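Results of the structural survey
Residue-level listing of the chains:
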Amino acid sequence: MSPQDTHKDDTAKVSAPKPDARPLPADAMIVVPVRDLVLFPEMVFPLSVGRPSSIAAIQQAVREQRQIVLLLQREATKEELTPADLHQTGTIANILRYVTTPDGNHHIVCQGVQRFRVTDFVDGHPFMLARGLHLTEPTASGPEVEARFLVLQGQVREVLDLLPQVPQELRQTVENTTAAGTLADLAASYLDSKPAEKQEVLDAVDLVPRLDKVTDLLAKRLEVLRISTEIGQRTKSSLDARQREMVLREQMAAIQRELGEDDSGKQAIADLDKAITEAKMPPEAETAARKELRRLQRTPEASAEHGMIRTYLDTLVELPWALPETKPIDIAEARRVLDADHFGLEKIKKRIVEYLAVRKLAPEGKAPILCFSGPPGVGKTSLGQSIARAMGRKFARVSLGGVHDEAEIRGHRRTYIGALPGTIIQAIRKAGSRDCVLMLDEIDKMGAGIHGDPSAAMLEVLDPEQNGTFRDNYLDVPFDLSRVVFIATANMLENIPGPLRDRMEVIQLTGYTAGEKLEIAKRYLVRRQLEANGLTAEQAGIDDAALRLIIDGYTREAGVRWLEREIGRALRHVAVEVAEGKASKVQIGTADIEALLGPVRFENEAAMRTSVPGVATGLAWTPVGGDILFIEATRAPGGGRLILTGQLGEVMRESAQAALSLIKSKAVSIGIDPTLFEKHDIHVHVPAGATPKDGPSAGVAMFMALASLLTGRTIRSDTAMTGEISLRGLVLPVGGIKEKVVAAAAAGITRVMLPARNKRDFDDIPEDVRKTLQFVWLEKVEDALAEALSPAEAKAA
């Protein structure tokens, strides 16, 4: 409910017509039409008068001190009115005051007296006149009226309580009103409802219908007021909390200013807010970041939690969430970079070129997950940097050797003091690119501990179907790793759990041949060591023959690390001479190597070792590449025992037992006296006793060593062999053929005997090695006897 201050019967402002000279009928009432006002009896309201006929009517009534009747227009916008355009029930009113303002407006203050119902209109006057019934206010009483009165009174009181700034006089008027009809008219008069609804109340002369109409209108209004009040209270409580927070923050800022502290905190919050926007995070990550930013604003800077939240937000905004601009892929340039950085390694170069070609045709494809497996020093780690350069991407490296905590991969939860993201997220953050080349070095050297198994955590990282939503424990939001090119390195694939190995594309890197080592030394190692020792190519150099001597006589490895150290050692002697001014240019030749590096460490033992019966040259695979090993057998009087020494594993011991059983079964055909086995003990030894040895591939070599011993025929000194044997005399295939053959060539062997079923590995052997060796393919042990033993006439007496 709200009081109405001013109402107009017309908006036009014109001068009033001249007063009507004719007398007015005594039983006729002057009618003033109104547009939006319903005046109730005993109510006082101001009224602005603008229509010329209405001004004339007001002036006439004032002159003759007559009452007027206010009738509501049916259509508020209509200007020219007829009796049909007015409601039939109105209110007789006394004009308490009439005022004309300097700007030409006419105003009256009128008070309602009683209801009036028009019966007919009087024509012939400049304004409307009407005759009708003066409706007396009913005074009926009874339970129905009294009950409705009490309900209405309660509603009016509740409305007044809900309305703001209600005058005390209005409350007193309501409390002092005892007549039901008067209270209904008072409530309807101040009720904020449509004029048509108020007109219905005015039309209702009887008390019961009138009270019912006003009660219904008040009930609707009360519901609106209750809801509005509830909303207002909620809004006010929210505003009060904000005002309180604002006041407290102002007080805190004032204290900080008194202490000499600046507003760096506000600036830091603003900077973080800007950084979050610029980071272009996915919706989930941005929601988490902004939530933590709001927590940071509420957290005192002196608390430990403030530092934890700030570190977390700094980590989030520094991560490369958005993909960098796609660069055009130049496959020819990639080939050139790979060839310039590494000699050989054709398989790996081919695989990288294939990936680049696929990315060029399908830019949205997933990145490969490669695993380079091979002995130390063959260039696995440096190859990762070269691949990144060829692809035009950032490079990052994670060393997994010795990692035994699952949190090292997935990160620590932020509940712990000093928590940090895992090494994967930290490496990507350092690289600053979501499509970087990430090298997982020494993945085979991770170990499980009491803190979990890091290799299990790597399953998600290296699974193309899962790593698009990798969730680090510290971040606690998904991060897309699908565009990262993962390159793992390992020496021993057997140490990698099967499920993890299954997720990677394994590419084997075998040891280098002597020729490849020479090329690598000439192209890379000499230049690198010259720079490391402060020398230039004009001050020092090494001949090819000298390099070959270092490779053959001073190193025995699959890679080139040892070779590089020896080259550096030779060049350091030159650096001393140049620094002392004894020489300005030194070219190292073969004659200088022994003086610089000492005596030759490795000599060709094959000829010396196999010059007596009972010695065979075998081929072995080790984690650092291939190697040759000697199987030595001897006999002594005894009871037929087999003695095995040289720190042999269980499988190798079984191979020796199988070789002896096979010799016994073929003794007659080979030309061995069967009684020898009963009267002699046979001792098989594999030198380098401090080194553990195992595997079935020495079966052929053990069989040949025993055959040589018992027949007295030596084995050709230029021949080495490998292969597993069965009790039927078959030669079975083995692994590591390439590494074994390369080691044989490096040791000066010119002839190798291999299982016939290993012909499939022939193409993997470097071409220059194939050209220098003669290959003998064995189906049965008889083939080995025929090819390796010296002629029968050479048998010792």
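Criteria and cut-off values
- Residues numbered from 1 in each chain as written.
- Predicted model: local features only at pLDDT ≥ 70, side-chain atom pairs only at ≥ 80, totals over all residues.
- Heavy atoms only, no water.
- Buried < 20%, exposed > 50% of the residue type's maximum accessible area, 1.4 Å probe, protein only.
- Helix = DSSP H or I, 4+ residues; strand = E, 2+ residues; numbered from the N terminus.
- Pairing = 2+ DSSP bridges.
- Axes fitted to C-alpha atoms, helices over the stretch in contact; angles between N-to-C directions.
- Parallel < 35°, antiparallel > 145°, perpendicular 65-115°, else oblique.
- Left-handed = near helix turned anticlockwise from the far one by under 90°.
- Contact = heavy atoms within 4.5 Å.
- Nonpolar A, V, L, I, M, F, W, Y, C, P; charged D, E, K, R; others polar.
- 1 Å grid on protein atoms, 1.4 Å probe; cavity = no way out; pocket = protein on both sides within 12 Å on 5 of 7 lines; lining within 4 Å.
- Points joined across faces, edges and corners; volume = space filled by probe spheres on them.
- Phe/Tyr/Trp six-rings, centres within 6.5 Å; stacked < 30°, edge-to-face > 60°.
- Lys NZ or Arg CZ within 6 Å of the ring centre and 35° of its normal.
- Salt bridge = Lys/Arg side-chain N within 4 Å of Asp/Glu carboxyl O.

Here we look at the pairing of strand 1 (residues 29–34)
Across a regular strand the side chains alternate sides, sitting on one face of the sheet and then on the other. Among the 6 residues of strand 1, 6 are classified as buried, and the element is accordingly described as predominantly covered. Of the strand pairs in this sheet, strand 1 and strand 6 (residues 129–135) are connected by 2 bridges, and their pairing is antiparallel. Each residue of the ladder has a partner; that of I30, found in strand 6, is L129. Two strands pair when backbone bridges link them, and strand 1 and strand 3 (residues 68–72) are joined in this way by 5 bridges, in the parallel orientation. Bridging across to strand 3, P33 finds its partner in L71.

Focus: the packing of helix 17 (residues 514–532) against helix 19 (residues 561–579)
Contact geometry of helix 17 with helix 19 gives a least axis separation of 10 Å together with a crossing angle of 50°. Considering the angle they form, helix 17 stands oblique to helix 19. Considering only the axes of helix 17 and helix 19, their crossing is right-handed. Taking contact as the criterion, the partners of K517, A521, L525, V526, R528, Q529 and L530 in helix 17 are, on helix 19, L563, E564, I567, G568 and L571. Each residue belonging to the contact of helix 17 with helix 19 can be placed in one class, and the counts come to 7 nonpolar, 2 polar and 3 charged.

What to know about the side chain of K349
Mapping K349 onto the fold places it in helix 11 (residues 346–361). For K349, a relative accessible area of 8% gives the class buried. Discounting residues that sit within four places of it in the chain, K349 has contacts with L338, D339, H342, F343 and G344.

Thoughts on empty space enclosed by the protein
One pass over the full model with this rule turns up 4 cavities of 30 Å³ or more. In this model, the largest cavity occupies a volume close to 50 Å³. The wall of the largest cavity is formed by V34, L37, V38, L39, L70, L71, L72, T89, G90, T91, Q199 and L202. Elements with a minimum of two residues in the lining of the largest cavity: strand 3, strand 4 (89–100) and helix 5 (195–203). When its residues are assigned to classes, the lining of the largest cavity shows 8 nonpolar, 4 polar and no charged.

What to know about the packing of aromatic side chains
In total, this model carries 6 aromatic pairs according to the counting rule given. Residues F45 and Y190 carry aromatic rings whose centres are separated by 6.3 Å and whose planes lie at 45° to one another, so their mutual orientation is tilted. In this pair, F45 sits in strand 2 (residues 44–49) while Y190 sits in helix 4 (residues 180–190), placing the two residues 145 residues apart along the sequence. With relative accessibility at 3%, the residue F45 sits in the buried group. One cation-aromatic arrangement involves R770 over F762; the distance from NZ or CZ to the ring centre is 5.3 Å.

A few points about the pattern of salt bridges
Scanning the entire structure with this criterion turns up 41 salt bridges. The closest approach of N and O atoms between E158 and R226, which form a salt bridge, is 2.9 Å. A residue pair is termed long-range when its members are at least 10 positions apart, and E158 in helix 2 (residues 143–162) and R226 in helix 6 (residues 207–258) qualify at 68 residues. Classification of R226 as partly exposed rests on a relative accessible area of 35%. A salt bridge links R397 to D441, with the shortest nitrogen-to-oxygen separation between them at 3.0 Å. Remark: D441 occurs in strand 9 (residues 437–441) and R397 occurs in strand 8 (residues 395–399); sequence separation between them is 44 residues.

Considering the sheet that holds strand 7 (residues 369–373)
Sheets are built from strands paired through backbone hydrogen bonds, the pairs being either parallel or antiparallel. Pairing within the open sheet is parallel, and its 5 strands lie in the order 8-9-12-7-13. The sheet is open, and its two edges are formed by strand 8 and strand 13 (505–508), each paired on a single side. With direction set aside, neighbouring strand axes in the sheet form an average angle of 20°. Across 5 bridges, strand 8 lies against strand 9 in parallel orientation. Bridging from a neighbouring strand, S399 pairs with D441 of strand 9.

Let's talk about the layout of surface pockets
Computed from the structure, the second largest pocket encloses a volume of approximately 910 Å³. Contributing to the lining of the second largest pocket are 38 residues, with Q508, L509, T510, K738 and E739 lying nearest its centre. At 4 residues, strand 13 tops the list of elements feeding residues into the lining of the second largest pocket. Across the lining of the second largest pocket, the residue classes tally to 15 nonpolar, 11 polar and 12 charged.

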